[in-house]
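Given next are the chains, with one letter for each unit.
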Amino acid sequence: MSSYLDETASQTAGPYVHIGLIPAQAGFDIFQNNFSNQLAGAETKGERIRIEGYVIDGTGAPIRDALLEIWQANAAGRYNHPEDKASPDAPLDPNFRGWGRGGTDFRTALYHFDTIKPGALPMLDGRMQAPHVNFWITARGINIGLQTRMYFADESAANAADPLLRLIEQDSRRQTLIAPREARDGTIVYRFDIRLQGDGETVFLDV
Amino acid sequence: MEKTGQYYQRDRLIHPPAYTPGYKTSVLRSPRLALLSVEQSLSDITGPVFGADEIGLLDNDLLRNYAKTGEPIGERMIVHGRVLDQDARPLAGVLVEFWQANASGKYRHVNDTYKAAIDPNFGGCGRALTDANGFYTFRSIKPGPYPWRNRLNDWRPAHIHFSIFGHGFSQRLITQMYFEGDPLIRHCPMLNGIPDDGARQRLIAPLDLNASIPLDSLAYRFDIVLRGRRGTYFENGQ
């Protein structure tokens, strides 16, 4: 072990994470180019969806100062990254980065992302994974960023075969990663609440 | 040879655990159940790639990126360092973002109620991409300490928040940099939530007099290490 460096230790993002990562929510404008929770542009391929929910503490209360990031494959199941050398039937979409960030709202406590539904993609050993969105959650009081995944309730056959979901022993815990689908005023909305602690605690990952 | 494989298992003993009761807000925001350990896939090995065209010319100059009527008040300083992985390989082209309080310990944030003065010329955030050798640099003023509601008389040591992307989403990290010699460091419940003394010490940036600019700015050095990764020679060469 001695020939390796130790990873730098994590520290909480604190209550003012918005300043650095989404300054508009902190209340000011400074950068020309801002990162946001809008992942899909007009030209992006795929089904438009909204993901929304609360981040909930150990008393059941929603927290209003969380910051979330998502990372996902495109509609064909390919990540916009040079190390995803998928087959020709999973082409890159030049209009989709697959990454976004947003905060829970100071007033409503909801977060949301407007994106497209990702495609399925294989594990490194070839087993297929169900479509999913990778989440990373940080906030005041979170000492090290929490990783989890959101799966889609309308993909029950793929979910039943997903290697990660199958690792979860308790069905009730597996359900914490599966977001129900709802049509609301013409928008497809997946509701994904993240429970940090207590009843229905979300399955978090050590990846 | 460039490594492209899975990332080393994260050594969680060098990180603060989720539950650190000395930092009261962690009590209700810490998962109680074990993390699920899973094989990495492209979901974890890949991550967003950022380009120089997304970063503005003044984004790493906090003396000027929010200057309205003049420069911000405070001690001028340079913060610089390298982003490496656990094999000491430099990570090029990774996004480093940072934010901090002003010289009086006040944040430009709608939720900051501290009575100290806001600085009209200081935004308090910036970002940079690492160069081919993993170096980043930015210029700012030294942040002040400030009180926070934890115990009634808790004060944060001067610090800068860092958010770092590696090449894969599983390298994602947020941390804080502290300043050598700050007497508040030993009282800090956030820093002291890290169980390993070496890991705590590596968050304290030493004064780097050689990198300071004579008659202009002091400098501090803060190197950042992200998770390393296995080579895939045998997997690829089968």
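The structure presented is a predicted model; accordingly, all values stated were derived computationally and were not measured. (Residues numbered from 1 in each chain as written. Chains lettered and ligands numbered in written order. Predicted model: local features only at pLDDT ≥ 70, side-chain atom pairs only at ≥ 80, totals over all residues. Heavy atoms only, no water.)

## What about the overall build of chain B?
When helices and strands are counted, chain B shows 3 helices and 12 strands. Rg of the C-alpha trace for chain B: 19 Å, near the compact-globule value of 18 Å for 238 residues, within the 12% margin. Taken over the C-alpha atoms alone, chain B extends approximately 65 × 40 × 30 Å along its principal axes. For chain B, the residues scored as buried account for 55% of the 238 residues in total. If you sum the accessible surface of chain B, you get close to 10500 Å²; carbon and sulfur atoms cover 56% of it. Of note, chain B has its 28 positive side-chain charges centred 7 Å away from the centre of its 25 negative side-chain charges. (Helix = DSSP H or I, 4+ residues; strand = E, 2+ residues; numbered from the N terminus. Rg over C-alpha atoms; globule rule 2.2 N^0.38 Å. Buried < 20%, exposed > 50% of the residue type's maximum accessible area, 1.4 Å probe, protein only. Areas by Shrake-Rupley, 256 points an atom, 1.4 Å probe, with all protein chains shown as cover. Lys, Arg positive; Asp, Glu negative; His and termini not counted. Charge placed at Lys NZ, Arg CZ, Asp CG, Glu CD.)

## Observations concerning the side chain of Arg173(A)
Turning to its location among the elements, Arg173(A) is positioned in helix α5 (residues 171–174). At 4.4 Å, Glu201(A) is the nearest oppositely charged side chain to Arg173(A), a buried residue that forms no salt bridge. Excluding residues that lie within four positions of it along the chain, Arg173(A) makes contacts with Ile168(A), Glu201(A), Thr202(A), Val203(A), Leu33(B) and Ala34(B). (Salt bridge = Lys/Arg side-chain N within 4 Å of Asp/Glu carboxyl O. Contact = heavy atoms within 4.5 Å.)

## Some details on the environment of Val38(B)
Tracing the chain through its elements places Val38(B) in the loop between β1 (36–37) and α1 (42–45). Once the C-alpha coordinates of Val38(B) and Pro206(B) are considered, the two residues, 168 residues apart in sequence, prove to be 37 Å apart. When sequence neighbours within four positions are dropped, the list of residues in contact with Val38(B) reads Leu164(A), Leu167(A), Leu205(A), Asp206(A) and Val207(A).

## A few points about the pairing of strand β9 (residues 173–179) of chain B
Residue and element names in this part refer to chain B. With 7 of 7 residues buried, β9 lies mostly within the body of the structure. Side chains Leu173, Thr175, Met177 and Phe179 project from β9 onto one buried face, and the interleaved Ile174, Gln176 and Tyr178 project onto a second face that is buried too. Bridging between strand β8 (residues 159–164) and β9 involves 6 bridges; their strand directions are antiparallel. Bridge pairing in β9 links Ile164 to Leu173. With 2 bridges joining them, β9 and strand β10 (residues 204–205) adopt parallel strand pairing. Across the sheet, the residue bridging to Tyr178 is Ile204, located in β10. (Pairing = 2+ DSSP bridges.)

## So, the sheet that holds β9(B)
Spatial ordering of the open sheet is given by β4-β3-β8-β9-β10 (chain B), a layout of 5 strands whose pairing is mixed. The outermost strands of the open sheet, each flanked by one partner alone, are β4 (125–129) and β10 of chain B.

## Examining the pattern of salt bridges
Tallying each qualifying case throughout the model produces 29 salt bridges over all chains. Across the pair Arg12(B) and Asp206(A) runs a salt bridge, and its minimum N-O distance is 3.0 Å. A residue pair is termed interchain when its members come from two chains, as with Arg12(B) in the segment before β1 and Asp206(A) in strand β14 (residues 205–206). The class for Arg12(B) is partly exposed, based on a relative accessible area of 27%. Asp154(B) is paired through a salt bridge with Arg151(B); the nearest N and O atoms lie 2.9 Å apart.

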